[in-house]
Amino acid sequence: MNLPQVNIMVPLYNEESVFHQLTDRLQKLIDSTPISIEVILIDDGSKDATPVLMKELAMKNDKFQAVFLSRNFGHQLALSAGLKYFNATEAIFIIDGDLQDPPELLEELYSYYKNGYDVVYAVRKKRKESFIKRTMYANFYRFLKKISYIDIPLDTGDFSLISTRVAKHLNKMPEESRFLRGMRSWVGYKQIGIEYERSERMSGESKYTLKRLIELAFNGIFNFSVYPIKFITNLGLLTILFSVIYFAYTAFIKIVYGGTPQGFTALLFVIILFGGIQLLSLGLIGEYVLRIFFQVKNRPLFIVRERIVHKESIDG
Ligand code: UDP
Ligand code: MG
């Protein structure tokens, strides 16, 4: 059995409307490039015709493998599931199913791999998305870079080409709340960013709801930064310092002028402010505790219902 040099990994969630466009473009790529390719499509518990289309294709075309998850686990876990089953000898190319990441970039990214890079990630030069989404993304990545204890490059997503040894390391990382682009940076080796223009989604709607995006952002922050904890400590120290100064001030007023400062409103304000700060601090610590809580359960990250490999169905 000839193993492919590259696996193209595509997680799909309710993508029936782009499916044919996607697989046509992938097939064209397979036919036109000298690199031998096998695609691994991952169905993340789609409720539309995606799994049916995937099965149909994988049963008649052995260049396409299919992995079906038992339910919707989310993009990061779907990708992690696919990565477990790579069979390429050289590299894995990770793209979105909605063709926002042009598959045709494979050869360019692969050439860097051939020159000794283990991770070639694509950097978004321009985003053809709404102004609000763009600003939110850009600010988030800059904020994360500031506070993170690893160097996560700006404006990159999961769209990348990684060597099989990097994939093996990712597979060995058991963390439950996954932020793959951060984990990919953590692995190390030689990494390089290549600029590209991110296109619009070809069809259908974004499957990342605002809630999911915030979840992903939180995973980035709380899995790769201890800054929130330091922030609480510093805030606490600052408050103590402030209260000492304020105490000295009131003592001074009392001794020199014989009165104490009045101010019911100010008192109320301070109580409410510190009530808020304490709740926020608890919440920030809670985010870390939550992650410990889910991690110690030690559950499998996802469940695979079925796989189709080289036109053969295998039980998950
Ligand atoms: N996706 C997935 N599971 C989910 C949500 C999304 O596998 O729960 C897939 C989706 O089908 C697509 C990719 O992840 O191939 C990126 O999602 P999307 O394009 O909706 O995100 P956006 O580009 O808007 O950030
Ligand atoms: Mg998209």
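Residue indices begin from 1 for each chain and proceed along its sequence in written order. Each chain is given a letter, starting from A, and each ligand a number, starting from 1, according to the order in which they appear as written. Restriction of local features to residues with pLDDT of at least 70 applies here, the model being predicted, together with a cutoff of 80 or more for giving and counting side-chain atom pairs; totals for whole chains, interfaces and linings are based on all residues. Values reported for side chains reflect all heavy atoms of the structure, with hydrogen atoms and water molecules removed beforehand.

### Comments concerning helix H10 (residues 264-297)
The way it works is that DSSP assigns letters per residue, a run of H or I at least four long becomes a helix, a run of E at least two long becomes a strand, and they are numbered from the N terminus. Multiplying one less than the number of residues by 1.5 Å gives the expected span of a helix. Taking 1.5 Å of rise per residue, 34 residues should cover 50 Å, and H10 covers 49 Å from first to last C-alpha, within 8% of that figure. Residue burial is assigned from relative accessible area. The probe radius is 1.4 Å, only protein chains are included, and a residue is buried under 20% of its type maximum, exposed over 50%, and partly exposed in between. Within the sequence span of H10, burial applies to Ser281, Leu284, Glu287, Tyr288 and Arg291. Residues of H10 that are buried sit in contact with helix H8 (210-224) and helix H9 (227-257). Taken from the residues just after H10, Asn298 is the one with a positive phi, measuring 60 degrees. Contacts between residues were defined by any pair of non-hydrogen atoms, one from each residue, lying within 4.5 Å.

### Brief notes about the coordination of the magnesium ion (ligand 2)
Six octahedral donors around a metal ideally sit at 90 or 180 degrees from one another, while four tetrahedral donors ideally sit at 109.5 degrees. Water is absent from the atoms considered, so a metal site may look incomplete; donors are defined as N, O and S atoms within 2.8 Å of the metal, or 3.2 Å for Na, K and Ca. In this structure, Asp98 (OD) and Gln100 (OE1) serve as the protein donors to the magnesium ion (ligand 2), at separations of 1.9 Å. For the pair shown, Asp98 and Gln100 are each scored as buried.

### What about the environment of Ser36?
Note that Ser36 resides in the loop between helix H1 (16-32) and strand E2 (37-43). For the pair formed by Ser36 and Ser160, sequence separation is 124 residues and the distance between their alpha carbons is 18 Å.

### Quick word on the pattern of salt bridges
Here a salt bridge means any side-chain nitrogen of Lys or Arg lying within 4 Å of a carboxyl oxygen belonging to Asp or Glu. Summed over the entire model, instances satisfying the criterion amount to eleven salt bridges. A salt bridge links Lys145 to Asp151; the nearest nitrogen and oxygen atoms lie 2.8 Å apart. For Lys145, a relative accessible area of 34% translates into the label partly exposed. The salt bridge partner of Arg291 is Glu287, with a shortest N-O separation of 2.9 Å. In this pair, Arg291 and Glu287 are both assigned in helix H10, four residues apart and thus about one turn of the helix distant. You'll find Arg291 and Glu287 in the same group, each marked buried. Each member of the salt-bridge network shares a partner with another, and the members are Asp43, Lys55, Arg305 and Glu306.

### Some words on the layout of surface pockets
Of the volumes computed, that of the largest pocket is approximately 900 Å³. Contributing to the lining of the largest pocket are 30 residues, with Phe73, Leu77, Glu176, Ser177 and Glu215 lying nearest its centre. Residue assignment for the lining of the largest pocket shows that the elements contributing at least two residues are helix H3 (75-84), H8 and H10. Just so you know the grouping, Ala, Val, Leu, Ile, Met, Phe, Trp, Tyr, Cys and Pro go in nonpolar, Asp, Glu, Lys and Arg go in charged, and all remaining residues, Gly too, go in polar. Each residue belonging to the lining of the largest pocket can be placed in one class, and the counts come to 13 nonpolar, eight polar and nine charged. Within this scheme a cavity is a closed region of a 1 Å grid, computed over the protein atoms alone, that accommodates a 1.4 Å probe without allowing it to escape, whereas a pocket is open but has protein on both sides within 12 Å along at least five of seven lines; lining residues each have an atom within 4 Å of a point. Grid points are joined across faces, edges and corners, and a volume is the space filled by probe spheres set on the points. A volume near 580 Å³ is recorded for the second largest pocket.

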